[in-house]
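Fold and geometry: a report
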Amino acid sequence: MTDTQTDPPPGALTPVVDAEFAVPFPDRTAYADAVATVRAAAATYHNGSDLLMDDAAYDALLARVEATETARPDWAVADSPSGAVAAGVAAHGDVEHSEPMLGLDNVFGEEQLRRWANRLEKLLGHAVAAFVVEPKIDGLAIAAWYVDGRLVRVATRGDGRAGEDVTGQARRAVGLPGQLARPVTIEVRGEVFMTDADFAVANEMRTGYGEPPFAHPRSAAAGTLRAEGRAYDAPLSFIAYGVRGAVTGPTGETSHSTEMTALADLGVRTTAATSSVGLTVCLTLDEVLAAVEALGAARGVIGFGVDGAVVKIDGSRDRELAGSSSRAPRWGVAYKFPADTRTTRLLGIEVQIGRTGVVTPVAVLEPVQISGVTVTSATLHNFDDLTRRDVRVGDVVFVRRAGDVIPEITGAKLDERDPTSAPYEPPGDCPRCGGELDRTQKRWRCLRGRACGAHEALAYFATRDAMDIEGLGDKIVQMLVGVGMVTDPADLYDLEPAALLTLDRMGSVSAAKLVASIQASRQRPLSRVLIGLGVRMTGRALSRRIARHFGSMRALLDASIEDLQRVEGIGPDRAATIAADLVELTPVIDKLVARDVNMVEPGAASPDEAGPAAPGPGAALLRRPDGAPMRVVVTGAVPGLNRNEGNEAVERLGGSASSSVSARTDLVVVGEGAGSKADKAAALGVRVMPAARFAALIAAHDAGDADTAAEIMAGS
Ligand code: IVH
């Protein structure tokens, strides 16, 4: 790592702060109030708890504090958050850092970035040969120590000088391996975070257990990182952005980009592995700006929180020359994107019924743009949370959106509340069927459960990723449920064309077709049945793993909570929920069995065999010589398959589907529209198979043509 803290070289200029663009406070009291607010907000930020204010408001307030201190140094408080290593956070950790974990100065636009670069080049006395642009990951900074290739200790940033020991939980972070590829002794620094998808799972689990949901992915990551001894199953992720110690062989001039590549080769996930917008080396400032812009544009689809771009000098010598101030390095700067927490007005609160009868309050919002998307509704999680936060119709509310996560309301701006507004009154009965509500858990449920959410449950059962019933769209489901022809998925298999003819706008041809596609879906593998039933706390990938592990519905229903935990990704909490939900689903499962719906997973253990599934004969294609599943990444389009189906095919053929390319990837399937993953595969020398060949391989496998399949595997 080259972020050594050095004194500025002679003639050094102060780092760019935004203070020069901000308006100082007019009096000492206003300044002191602002300092207190910044401290409180910084504490919530660093602790990962609910945010007191959005990013933009925080940055603006801090800039005004700094501007005031520049204008009136006599007012400045001794431990002002403007100069602190980590504003407002007390030292409470027990692991001392090898060198302070600093912050980064911010810039907010092209002009400020150019000014930063100009000053830097003046300070160095020459032009910067190359910059790098990386995503600024919105997580928690950690330092991880490897001794002889083994991960021995992980600490949070804490107050910058010492942090908390989080080795136990951090070991679970994807991207931070327990063992490196070589026995080197190094310190890795980077960000622990939670992906948007994992965040959704984490909150589903928490609310399922009556705990309040995490406000955003960063607090979920912070909570999980500190949740010692608690069985949160939602995975953490890690991405490195710095390393200290020899990773690139004999010392001398090196560069950040080379170090990151070397670190990736050791098995650590780095910013370079994130996507097409990972780590970009730029020779000019125009290239830097283009890379920053590309990152900003891709922000919503990266799959985890990115709150800016980090621009750094690439060369190690210039980095050392630039050095650091007491709070931030001069060799790098954060280009902050506009905040992804915005404010808007809450127009109304609607109540939504989920597939399992869960009743959720949903906010209707005055449209607001958040990271490039217009948001008109957001989740309010549950009624207890809504009452606790005292969010009222008519309030100006904070809305937060991170990638694919459903936008959520994190609170109301109380100082802008209409004094005549009334608290929200939660419903007394189920707003759909008028039935009784079970209010014993945080998430209220209609006592009729899946029967009340029949429409949602059925529509989901028919989707392409589940039973894939062509022609059974939302409207028809609504009619079928409305007239009482169908109350659960099994009833679908009793439908006859003649009965369907009584439905509005249903002709005899479409009625016959619909019945045929419903009947055809009886042959789907067990994994699809499980996806379709929507067993709580399982998603598509986990449903497939469960199906492969148990092989048959019978074996799954017979499984104990301990047995369930043998499936990768199922911890004690999740196992208990899955087991309970399977009990609840047993009547409908029995009905499905009685209608001859397949309950076996092809390629898994035969239903009669005891124990975990062994790969079937056809499933051995994507296996390594030692029999372990090949790690396969599918990037770009595979003809005829969507992403879920592509991954499903990989697993059907015995492989393990993964989404990022690393040195440990065995095969990358490259289709049309593939991005940087294909380049990365080429750079790492990972085997590549064109999507058309992969499609042929699947076809050969599914047709039982082992010779052709083997030929294709041998040929690519
Ligand atoms: S370089 C001396 N690179 O942002 C600190 N930091 O606001 C050098 N961060 O504390 C950090 N992504 O936790 C760097 N690609 C990236 C980053 C990154 C996120 C965090 C880091 C730092 C904070 C500063």
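The following refers to the structure shown. (Residues numbered from 1 in each chain as written. Predicted model: local features only at pLDDT ≥ 70, side-chain atom pairs only at ≥ 80, totals over all residues. Heavy atoms only, no water.)

1. Things to note about the packing of aromatic side chains
Aromatic ring pairs: the centre-centre distance and the angle between the two ring planes describe each pair. To keep it simple, the criterion reads: The pairing test for Phe, Tyr and Trp rings, Trp by its six-membered ring, is centres within 6.5 Å, and the orientation test on the planes gives stacked under 30 degrees, edge-to-face over 60, and tilted for anything in between. Helix and strand definitions here come from DSSP, where helices need a minimum of 4 consecutive H or I residues and strands a minimum of 2 consecutive E residues; each element is numbered from the N-terminal end. Think of it in three bands: residues with accessible area under 20% of the maximum for their type are buried, residues over 50% are exposed, and the middle band is partly exposed, with areas taken using a 1.4 Å probe on protein chains only. Whether a charge sits over a ring depends on NZ of Lys or CZ of Arg being within 6 Å of the ring centre and within 35 degrees of the ring normal.
A complete count under the given rule lists four aromatic pairs for this structure. Between Phe-193 and Phe-304 the ring centres are 4.6 Å apart and the planes differ by 45°, which places this aromatic pair in the tilted class. Residue Phe-193 is located in strand S7 (residues 186–193), and its partner Phe-304 is located in the loop between helix H8 (285–298) and strand S10 (306–313); the two are separated by 111 residues in the primary sequence. According to the relative accessible area criterion, Phe-193 is buried, its value standing at 2%. The aromatic ring of Trp-331 is capped on one face by Arg-319, whose charged end is 4.2 Å from the ring centroid. Sitting over the face of the ring of Trp-444, Arg-439 holds its NZ or CZ atom 4.8 Å from the ring centroid.

2. Notes on the site of the ligand
Here is the rule: Residues are counted as near a molecule or strand when any one of their heavy atoms sits within 4 Å of it. The definition of a polar contact used here is a pair of N or O atoms within 3.5 Å, where within protein one atom must be able to donate a hydrogen and the other to accept one, and adjacent residues in sequence count solely through side-chain atom pairs. With residues, only the protein chains shown are counted as cover, and all accessible areas are computed by Shrake-Rupley using a 1.4 Å probe. Think of it as three bins: nonpolar holds Ala, Val, Leu, Ile, Met, Phe, Trp, Tyr, Cys and Pro, charged holds Asp, Glu, Lys and Arg, and polar takes everything else, Gly as well.
The immediate surroundings of the ligand are formed by 16 residues, with Glu-134, Ile-137, Glu-191, Tyr-241 and Lys-312 found nearest. Contacts to the ligand include Leu-102, whose backbone N or O atom sits 3.5 Å from an oxygen atom. A distance of 3.0 Å separates a nitrogen atom of the ligand from a polar backbone atom of Pro-135. In isolation the ligand exposes 520 Å². Once the protein is present, 91% of that is buried. Only strand S3 (131–137) and S10 provide two or more residues apiece to the shell around the ligand. Among the elements that make up the shell around the ligand, the one with the highest residue count is S3 (four residues). Of the residues assigned to the shell around the ligand, the class counts are eight nonpolar, two polar and six charged.

3. What to know about the sheet that holds strand S2 (residues 106–107)
Basically, it comes down to this: A pair of strands is labelled paired if DSSP reports no fewer than 2 bridges between them. In what follows, a contact means two residues having at least one pair of non-hydrogen atoms within 4.5 Å. All axes are obtained by fitting lines to C-alpha atoms, using only the stretch in contact for helices, and the reported angles, taken between N-to-C directions, cover 0 to 180 degrees.
One open sheet accounts for five strands, arranged S2-S11-S10-S3-S9; its pairing is mixed. Taken across any chain shown, the strands that pair with only one partner, and hence form the sheet edges, are S2 and strand S9 (280–282). Two elements, S3 and S9, share three bridges in a ladder whose sense is antiparallel. If you follow Phe-131 over to S9, its bridge partner there is Cys-282. Across the sheet, helix H7 (residues 256–265) lies against S3, S9 and S10, angled at about 55° from S3, the strand it touches most. Packing of H8 onto the sheet brings it into contact with S3, S9, S10 and strand S11 (332–336), and relative to S3 it is tilted by some 20°.

4. Re unusual backbone geometry
Here Asp-148, not a glycine, exhibits a phi torsion of approximately 50°, which is positive. With respect to the helices and strands, the residue Asp-148 is situated in the loop between strand S4 (140–147) and strand S5 (150–156). One non-glycine residue with positive phi stands out, namely Asp-468, at about 50°. With respect to the helices and strands, the residue Asp-468 is situated in the loop between helix H11 (454–462) and helix H12 (474–482). By relative accessible area, Asp-468 is classed as partly exposed at 28%.

5. Regarding the sheet that holds S7
Reading across from one edge, S5-S4-S7-S8 is the order of the four strands in this open sheet, with antiparallel pairing throughout. Only two strands of the sheet have a single neighbouring strand rather than two, namely S5 and strand S8 (237–244). Adjacent strand axes in the sheet meet at a mean angle of 30° when their direction is disregarded. Sheet topology note: the S4/S5 ladder contains six bridges and is antiparallel. Among the inter-strand pairings, Trp-145 is bridged to a residue of S5, identified as Arg-153. Against the sheet, helix H6 (residues 217–226) makes contact with S4, S5 and S7, and its axis sits at roughly 40° relative to S4, the strand it touches most. Strand contacts of H7: S7 and S8, with the helix running at about 125° to S8, the strand carrying the most contacts.

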